[in-house]
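# Descriptive structure summary
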Amino acid sequence: RTVIFSWDPKPGAEEAIYANLSDLCVSMSAADWLDMPERIDREVKTQIPDTARAKYEQLERDLLLPYVDGDITADTRAILSNKLLQLANGAVYDENGNTHEIHQAKLEALDDILEAANGQPVLVFYAYKHDRDRIINRIKSARQLDTESDIEEWNQGKIPVLLAHPASAGHGLNLQTGGNIIVWFGLTWSLELYQQANARLHRQGQEKSVIVHHLIAEGTIDEAVMKALAGKDVSQKALLEAVKARIDRYREEVDQ
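The rules behind the values
- Residues numbered from 1 in each chain as written.
- Predicted model: local features only at pLDDT ≥ 70, side-chain atom pairs only at ≥ 80, totals over all residues.
- Heavy atoms only, no water.
- Helix = DSSP H or I, 4+ residues; strand = E, 2+ residues; numbered from the N terminus.
- Buried < 20%, exposed > 50% of the residue type's maximum accessible area, 1.4 Å probe, protein only.
- Contact = heavy atoms within 4.5 Å.
- Areas by Shrake-Rupley, 256 points an atom, 1.4 Å probe, with all protein chains shown as cover.
- Phe/Tyr/Trp six-rings, centres within 6.5 Å; stacked < 30°, edge-to-face > 60°.
- Pairing = 2+ DSSP bridges.
- Axes fitted to C-alpha atoms, helices over the stretch in contact; angles between N-to-C directions.
- Polar contact = N/O pair within 3.5 Å; in protein donor to acceptor, adjacent residues only side chain to side chain.
- Salt bridge = Lys/Arg side-chain N within 4 Å of Asp/Glu carboxyl O.
- Expected span 1.5 Å × (residues − 1).
- Arc of directions from axis to C-beta.

## Overview of the overall build of the chain
- Counting its regular elements, the chain contains 8 helices and 10 strands.
- The 256 residues of the chain split such that 40% are buried.
- Restricting the contact set of the chain to residue pairs at least 6 apart, pairs at least 24 apart contribute 71%.
- Looking at the chain as shown, the accessible area adds up to about 14,500 Å², and 51% of this sits on carbon and sulfur atoms.

## Focus: the packing of aromatic side chains
- For the structure on display, the rule yields 2 aromatic pairs.
- Measuring from ring centre to ring centre gives 4.8 Å for phenylalanine 125 and tryptophan 184, while their planes differ by 35°; the resulting arrangement is tilted. Here tryptophan 184 lies in strand S9 (residues 181-184) and phenylalanine 125 lies in strand S6 (residues 122-125), a separation of 59 residues in the sequence.
- For the ring pair tryptophan 184 and tyrosine 194, a centre distance of 5.2 Å and an interplane angle of 40° mean the geometry is tilted. Of this pair, tryptophan 184 sits in strand S9 while tyrosine 194 sits in helix H7 (residues 191-198), placing them 10 residues apart in sequence.
- Judged by its relative accessible area of 0%, tryptophan 184 is buried.
- Assessed through its relative accessible area of 8%, tyrosine 194 is described here as buried.

## Quick notes on the sheet that holds strand S1 (residues 39-46)
- One open sheet holds the 6 strands; their spatial order is S1-S10-S9-S6-S8-S7, and the pairing between them is parallel. Each edge of the sheet is formed by a strand with only one pairing partner; in this case those strands are S1 and strand S7 (142-144). Strand-to-strand twist of the sheet, defined as the mean angle between neighbouring strand axes without regard to direction, takes the value 25°.
- Bridge count between S7 and strand S8 (residues 161-164): 3 bridges; the pairing is parallel. From the neighbouring strand, alanine 142 faces S8, where its bridge partner is valine 161.
- Sitting on the sheet, H7 is in contact with S1, S6, S9 and strand S10 (210-217), with an inclination near 155° to S9.

## Section: the side chain of aspartate 222
- With respect to the secondary-structure elements, aspartate 222 resides in helix H8 (residues 221-255).
- At 2.9 Å, the side chain of aspartate 222 forms a polar contact with the backbone nitrogen of alanine 217.
- The contacts of aspartate 222, once residues within four sequence positions are left out, are Leu85, Ala88, Lys106, Leu187, Leu215, Ile216 and Ala217.

## Section: the pattern of salt bridges
- Using the criterion set out here, one finds 8 salt bridges in the structure.
- One salt bridge in this structure joins aspartate 41 and arginine 39, with 2.8 Å as the shortest N-O distance.
- Given the relative accessible area of 40%, aspartate 41 is considered partly exposed.
- By relative accessible area, arginine 39 is classed as partly exposed at 31%.
- Residues joined by salt bridges that share partners form a network here, namely Arg143, Asp150 and Glu153.

## What to know about helix H2 (residues 50-62)
- Across its 13 residues, H2 extends 18 Å between first and last C-alpha, which sits within 8% of the 18 Å expected from 1.5 Å per residue.
- What H2 keeps buried is the set Ala52, Arg53, Tyr56 and Leu59. Seen end-on, H2 carries its buried residues on one side only, within an arc spanning 130°. Exposed positions of H2 whose direction lies more than 90 degrees from the buried face are Asp50, Thr51 and Arg61.
- Backbone geometry just downstream of H2 places leucine 63 in the positive-phi region, at approximately 60°.

## What to know about the pairing of S6
- A two-sided burial pattern is seen for S6, the buried positions comprising Val122 and Val124 on one face and Leu123 and Phe125 on the other.
- Pairing between S6 and S8: 4 bridges, direction parallel. Looking at S8, one finds that valine 124 is bridged to leucine 163.
- Where S6 and S9 come together, 4 bridges link them in parallel fashion. The partner of phenylalanine 125 across the bridge, within S9, is tryptophan 184.

If you want it as structure tokens, here you go:
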């Protein structure tokens with residue numbers, strides 16, 4: 001716990017990786033052969049109240065928020081990152097597993113998005129159980145994705161607000177006929193989970209433009225997560241494009 005390791009590629013590592021993969025891998029994305037709908041990404045900035053901001057800064061500075069029934073502590077950087085993400089969403093678990101609600105800024109932003117959706121079904125990705133519980137407590141029409149029946153009813157347009165965790169709603173779920181609006185109530189560091197979750201609606205069979213709303217608490221770790229996801233996405237796309245370029249070149253050689 002006293003030694004912090006960081007891992008960075010050596011100079012020239014990126015080029016070496018590309019060279020070693022060049023004759024072993026090929027890449028094609030769904031967009032290469034499918035008529036995919038447009039995807040529109042929105043960052044919805046939320047302002048947490050001053051009292052919540054003070055608690056966020058105290059936790060970030062002192063690694064501790066004292067409470068009578070159980071303190072909120074962060075012994076490592078990883079735990080601190082987790083706690084700050086929770087607080088940005090509006091609630092935090094203490095050392096005893098109890099939930100402390102700090103603010104409702106994201107719940108209010110979600111209300112605004114649902115109102116603007118004007119009855120259209122909305123798929124909401126949450127990060128923590130207290131996110132889900134607070135959303136269900138506030139939005140009575142919300143239902144958690146649990147069973148095949150939930151999938152069927154969603155695709156039939158019978159569920160106004162469907163709640164899902166990105167880790168359990170990743171590969172294989174076809175939800176594209178039920179709606180075209182996604183809200184990220186809580187963000188994830190994982191690019192794979194992020195991409196696969198968005199692909200539940202942005203996929204073949206979707207007939208409308210897909211709108212992806214990201215709720216971001218300004219001045220919090222949310223901003224760092226969005227920046228990290230964008231950076232990982234750029235790096236991944238660069239690698240896939242490098243491999244894809246060989247396909248195009250081979251095709252040209254065959255045509256000649």
